[in-house]
Each structure stands twice: as C-alpha cells, then as structure tokens.
Amino acid sequence: MRGSAAAVLASATMLWRTAEAFYLPGVNPQSFEEGDVVKMKVNKMTSQKTLMPVDYYRLPFCAPEGGPKMDNENLGEFLAGDRIESTPYRLKMKTDMYCEQVCISNLGRAEQTGLSPNKVVRAIRRNYHNNWIVDNLNAASKVEDDKTVTTRYWQGFPVGFIAPNSQKAYIHNHVNLEIQYHNVENEVDKYRIVRFTVEPFSLKHEFEPAEDDDDDDKTEDGENVESFKVAEIMNPIRSCNPANKEKKHTTYDMVYARGREPQLASGKVLFTYDVIWTENSSLHWASRWDIYLSMDNAIPAKVHWLSIANSLVIVFVLSAMIAAILVRNLRRDYARYNRLATDEEKAEDLEEFGWKLVHADVFRPPSFSPLLMSVCCGTGVQLLCMAFLTVIFAAMGFLSPANRGSLLMAQLLLYVLMGSVSGYTTARLYKTFKGKSWQKATTCAALGFPGVVFGVFFILDILALTQGSSDAVPFATMVVLLVLWFGISTPLVFFGAYFGYKQDAIEFPVNTSNIPRQIPDQPWFMGIPFTLIVGGILPFGSCFVELYFILSSVWMDQYYYVFGFLLLVFFILIVTCAEITVLFCYFQLCGENYHWWWRSFCTAGSTALYVFGYSFMYFKQLETNAFATYILYFGYMGLASLALFLMTGAVGVFSSLYFNKAIFSSIKID
C-alpha cells in the first residue's frame, strides 16, 4: 500500500506543470480585416435561484430582422441547455460605436401591488443573467461604482437589478461592449479577438420614435452604412448627443450624473450600446481562455494544492494503518498457519483460528443476489473507465472549453463505448458465481443503470418543459440518446458478455465446501452501520474540496478546468476506497464472517452517501425555494451519487477479491 501512495506522489510531481488551466484551443482562429462584420450571439439566460436556464428571446428583447437564427449545436450543447442564437447588434472590426440604437421594446405593464409583474421583472427578481458571445468568446461582466471597477469572467451579466430603497426592478438597457484584439503575426491588416467584456448600465432614455424607421440606410447585403436610428432621444447623455463633435463613450459618470434616473423594467424602452475596440498585443489568441478558466485567479492554485496535501495525509494514514495492522498481523498469521502443529495443539484443536477458519467459505458466492452483484460491479467498472478516460483527456487538453458541450459529449460517448467492459465484467463474475441466467444478467447490465438514468432524466425533462426552461431536451435529441443506448451501448454489452462467458471462471486458491459455516455473533463495531460510516468518511474527506468546485461549475455557472488536480484527486479517491475496504475486509474475516462481497461493495460505495449528504449542505448556497428547483437539483445529484456508489463499490469488491486471493494463496490448507 505504500507503493500506491508513492505512485500518487509521483503523479503529483509529473502533473505539477499541467495541473492548472491547460487546454488545446480546439477551433481554428478567425481573423478579421478592419471593417469586417463581427457577429454577436446570445446563449441561454441562467439563474442561481431557479437553476432553470431559459431562452434569451423568451423575454421581449430586441430580435434581428426575420427572427433569431439558432446555431448548429452538438449533442453536448443540447444536453447542457445551450441555445445560441443571432442578435441585431451590429459590430465591425476596429470600428467604435457611440450610443448605437437597437430597437424600442415594450417590456409590459409597470409593477403594481396586487398584480402579477411582467416577464422581465420576474426574470430580474430571479437573478437571471445574460450570456453573450463574440467570436466564440463568452462575455465577461464589468461592474462599476463610485470607488471600484470589478470584472467577473463567469456567469455573464445581470438582466437588471433591484433598487435597495424602492425595491423596484430596473433593466440594463445600455451596454458598453469592450472588445480587445491583437494583430496577426505574419499577416498584414489581419486581427483576432482576444477578450470580450460587457459593462451594463440602466439608462432612462426619454425619446420619440423616429419618423423614418425603414431600411433606407442599408446596402443590398443588408449592412448599415451609417448609424441605425429608431428614436429621437430627448434627454441624451454626452455619448448619445449627435450635437457633440467630440465623440466620447458612455461612462459611469454620464449615466449616474445628477438628474439622471435608471430605466424601470416596464413600458417602452430604448436599447442602446457602445462598442469600444482596444488593442492588446500582449495577449495571444491561444491564451485568451486562460483568464476565464482560472476565473481571474478567484480561486488560487494554492487551494487545490492544500486539498491534495489533505488527501495525501489521509492516504498516508491509511497506508500506515495497513502497514502496521495488516502486514504485521499477516506475517504472524502466515508463520502460525504454515508451521507444523504440535501434538498438544492437535489434541486441544488449536491449530486453526482467525481468518483461516473461513477458508472453505470465503469465496462462496454472495448470499444475496449474485446476479445483482455481477451487474453492479460491471456497471461500476464501466463508469470507472469512463470517468478515468474523461479526466485523462481533459487533463491532456483535448476537451477545450471553446468547444461547448465537448465534456458532456465525451462522457456520454465514452460511457457508451465502455459497454463492452460492463458486459465482460458482468459475465465473468456471474460465471464465477455459477449463475445460470446468463441472458438475464447481460440484459440487466445493458438496461439496468441506463434505464434508471433515462427514466429520471425523462421526468426531469418534462419538469423543465413545464417550466419553459431551455434545459428541456428536444425530441430529436431524445431519439439520438435512445439510438446510442439501444444501437451502440446494448450491442457492445452483449459483445463483451460473449467474451466474458467464453473465459474460464475466476480461479480461487482454496475450494469451497458444500455446507456453509455458521457465523458467530459480531461485535457492534463490525456491524453494517459502523462500517458504512467509517468506510465512507475517509474517501469523502480526500475529495470534498474538489467536489465543492465541481458543484460550483455545475450549479453556479463557474468554470472548472483544473483537471490535472482532479486527476490526482481521482487517483487518491480510488486508492483510499481500496485501502479502507481491504482493512475492514480483514477485520471481518478475522471475526469469521465470510459475507464480504456486499459488505465490501457498500463500504467503499458509502462515499456516495456522504456526497449526497453534502449536496444538502451545498444547496443552501443557491438561495432557491422553488419546488421545481428542489426536484431538479436533488434528482441530478441523486443520479450522480448512484453512479459514484456503483463506481467506488466496484473498486471495493475487486480490491477485497485481490486481497483475499493473495492471503489465502499464501497458506497451507489441509
């Protein structure tokens, strides 16, 4: 076991340089010439209060002529709820714009006591955020007040805000689009976008609709020659006043000058924007995502290294316990069991005691449902391989954040392809248990866990559909999932099972008797409750810090891309589960209890119970009280905990199996 800890340390040393945000860009860079059109797109709106993303155009925002057009999205984007669409915002490379008008939109009735608020007000009170995209780069949010300027590189920017005094909702109807670019090396007059920041303002425009609101100012290709005008602003700030010869961009001081008021989220509202182009020659295109992935160092790498150190301490403590207890005791047991018994010991029947007494029963098939044990272990190994390969590919940089949905799609495809591993493991174990219902076992492996996941997912999808959320997966995507399940995964499970049944059963070093041995009464500390409590707390303690960051990326729209750290924690979790399970298995056998199959599975799998319990603690941070949110959150967390239970449980079973084969092959059995 010391070798396992040493391997973790070696991995930590090797991954030191790659543990932070490293990625391959994944897409070809797009270069622009001065004056080229730069498309701005919008993604779903997200909220930490509802956890239900909604389509951007569900609210009465300005839409492009002819309606918004949706991007071609991959399977991962659909499953993640992404809905990327076009916008009417007109951007041109290196062309600054000053208080450009978009449209006039009627947001609905004003807030009144006793009346239901309009959709925009409800979205603001639910803390929805816009997520805009330029050149496949997410918008950072810039917030300014009298003293500070704060830029945040996750969660987009809010639709509006609630005034602390009046408690009324105000909308951000003006934005400064700050775009940084740099010159392309070895190319003349070519530029690439390296950063995109949005600074939202609430600015009350008093206006009259323009008399000439047609498309006379457009060329044949539909692009504007001059500014697009939909209204005459009666109270323009300096950036919106055409009479000012010296153009200046909108600033905080202009918007919040004396006499200016923010825009209520009701009635007719004029939407405007500035575009500010700035050269940033020091930032390379391939590194433009770094500040997003590190969230501008909001979470220092030191936190992750402290988590790793904490996990390694747990591994060292467990390894020391195993070295002190198992190694010393096993050496003593080997010496005692392998020496010739004296006549005195034979007369008093003292030759055998301890774990050697159960040698004829230790490899007896599980007393409860060998078929279910085989299926659970097969599914657990499938999930283990999927998780390991996903983290490996992500740590190597192949799952670029620029390719939205790639991580989720990689997990799904790897799980499907690992179906052969599940079938092989299930078949080999079930044959070892002398099971006869081979077809039933293989069918359960192919349909069991995927069926549970798909059933819960379908219910949650219907819930999202009733809430009008973009999380609701389209029917065509459901069909694709069913094709992956029944067209690829299920045949692969049967393919793996065919080879598993062709193999010989797992050989054991001792024979099993026909009559089961009676198990003596066990002390309280070897009962199931105690072993579950102790067996799960140490593996959970080795990974709970990274678990917090992973949950934040899933539920709070934060970035998580320190997969080098995650790979180390993953190894530590597996080693910890294996060590704690082997330790309890030894104690159980010393107590002459040979029912270790399910006990080992549950001991290691109890880590998932702590993860599910921790999800209740984490839920308090989301500040949500909607019934649909409870169902959505705990439904998905329940599925994740079930997957972790199967994965760690399989680790526990095979660790104990290897340990038992090793110790019983080292002694003489008469």
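Computed from a prediction, not measured in an experiment: that's the story for all the values here.

A. Spatial organisation of the state of the cysteines. Taken as a whole and judged by the stated rule, the model has two disulfides. Put simply, Cys 62 and Cys 103 are joined by a disulfide, and their sulfur atoms are 1.8 Å apart. Residues Cys 62 and Cys 103 are joined by a disulfide whose S-S torsion is about -85°; by sign, that bridge is left-handed. Note that Cys 62 is positioned in the loop between β3 (46-47) and α2 (75-80) and Cys 103 in strand β6 (residues 97-106), a separation of 41 residues in sequence. For Cys 62, a relative accessible area of 5% translates into the label buried.

B. Quick peek at the packing of helix α14 (residues 563-590) against helix α17 (residues 627-664). Viewed as axis vectors pointing N to C, α14 and α17 meet at an angle of 50°, and their least axial separation amounts to 8 Å. When the axes of α14 and α17 are compared, the pair comes out oblique. The element α14 and its partner α17 pack so that their crossing is right-handed. Residue-level inspection shows Phe 570, Leu 573, Ile 574, Cys 577, Ala 578, Thr 581, Val 582, Cys 585, Tyr 586 and Leu 589 of α14 in contact with α17, the latter providing Leu 644, Met 647, Thr 648, Val 651, Gly 652, Ser 655, Ser 656, Phe 659, Asn 660, Ile 663 and Phe 664. Looking at the contact of α14 with α17 residue by residue, the class counts come to 15 nonpolar, six polar and no charged.

C. Structural detail: the sheet that holds strand β15 (residues 174-183). Read across the open sheet, the six strands follow the order β6-β19-β15-β16-β10-β11; overall the sheet is mixed. Only two strands of the sheet have a single partner each, and these edge strands are β6 and β11 (149-152). Averaged over neighbouring strand pairs, the angle between their axes works out to 25° when direction is ignored. With two bridges connecting them, strand β10 (residues 140-144) and strand β16 (residues 191-201) associate as parallel partners. Opposite Ser 141, over in β16, you have Val 198 as the bridge partner.

D. The arrangement of the pattern of salt bridges in detail. As enumerated under the stated definition, the model contains 11 salt bridges in all. In this structure, the salt-bridge partner of Asp 71 is Lys 41, at a minimum N-O distance of 2.9 Å. Here Asp 71 is found in the loop between β3 and α2, whereas its partner Lys 41 is found in strand β2 (residues 40-42), with 30 residues between them in sequence.

E. Here's a closer look at a nonpolar patch on the surface. Together, Tyr 424, Phe 495, Tyr 498 and Phe 499 make up an exposed nonpolar region whose accessible area comes to about 410 Å². Among the elements that make up the nonpolar patch, the one with the highest residue count is helix α12 (residues 475-502) (three residues). Following the sequence through the fold, Tyr 424 ends up in helix α10 (residues 419-432).

F. Structural detail: the side chain of Thr 425. Looking at the element boundaries, Thr 425 is found in helix α10. Residue Thr 425 is classed as buried on the basis of its relative accessible area of 11%. Look past the residues within four positions of Thr 425 in its chain and what remains in contact with it is Cys 377, Gly 378, Val 381 and Phe 654.

G. A look at the pairing of β16. β16 sits mainly inside the fold: 11 of its 11 residues count as buried. As paired strands, β15 and β16 are joined by 10 bridges and run antiparallel to one another. Note on β16: the bridge partner recorded for Glu 178 is Thr 197.

H. View of empty space enclosed by the protein. The final tally for this structure, using the stated rule, is four cavities of 30 Å³ or more. By volume, the second largest cavity is sized at about 90 Å³. Considering the residues around the second largest cavity, the lining is formed by 14 residues, among which Tyr 89, Asn 130, Trp 132, His 172 and Phe 271 are closest to the centre. Looking at the lining of the second largest cavity, the elements that each hand over two or more residues are β15 and β19 (268-279). The class makeup of the residues in the lining of the second largest cavity is nine nonpolar, five polar and no charged.

I. Examining the confidence of the model for the protein chain more closely. Per-residue pLDDT for the protein chain averages 84, and the proportion of residues at 70 or more is 88%. Averaged over each element, pLDDT in the protein chain is lowest for helix α1 (residues 2-14) (39) and highest for strand β14 (residues 169-171) (95).

J. Highlighting the packing of helix α15 (residues 597-605) against α17. Remark: α15 packs on α17, axes separated minimally by 7 Å, with the N-to-C direction vectors making an angle of 130°. In terms of orientation, α15 and α17 fall into the oblique class. Considering only the axes of α15 and α17, their crossing is right-handed. Each of Trp 597, Ser 600, Phe 601, Cys 602, Ala 604 and Gly 605 in α15 lies in contact with α17, whose residues at this interface are Phe 645, Leu 646, Thr 648, Gly 649, Ala 650, Gly 652, Val 653, Ser 656 and Leu 657. Split into classes, the residues belonging to the contact of α15 with α17 amount to nine nonpolar, six polar and no charged.

Criteria and thresholds
- Residues numbered from 1 in each chain as written.
- Predicted model: local features only at pLDDT ≥ 70, side-chain atom pairs only at ≥ 80, totals over all residues.
- Heavy atoms only, no water.
- Disulfide = S-S within 2.5 Å.
- Helix = DSSP H or I, 4+ residues; strand = E, 2+ residues; numbered from the N terminus.
- Buried < 20%, exposed > 50% of the residue type's maximum accessible area, 1.4 Å probe, protein only.
- Axes fitted to C-alpha atoms, helices over the stretch in contact; angles between N-to-C directions.
- Parallel < 35°, antiparallel > 145°, perpendicular 65-115°, else oblique.
- Left-handed = near helix turned anticlockwise from the far one by under 90°.
- Contact = heavy atoms within 4.5 Å.
- Nonpolar A, V, L, I, M, F, W, Y, C, P; charged D, E, K, R; others polar.
- Pairing = 2+ DSSP bridges.
- Salt bridge = Lys/Arg side-chain N within 4 Å of Asp/Glu carboxyl O.
- Patch = residues over 30% accessible without salt bridge, like charges linked within 9 Å, V, L, I, M, F, W, Y side chains within 5 Å.
- Areas by Shrake-Rupley, 256 points an atom, 1.4 Å probe, with all protein chains shown as cover.
- 1 Å grid on protein atoms, 1.4 Å probe; cavity = no way out; pocket = protein on both sides within 12 Å on 5 of 7 lines; lining within 4 Å.
- Points joined across faces, edges and corners; volume = space filled by probe spheres on them.
- pLDDT = per-residue confidence, 0-100.

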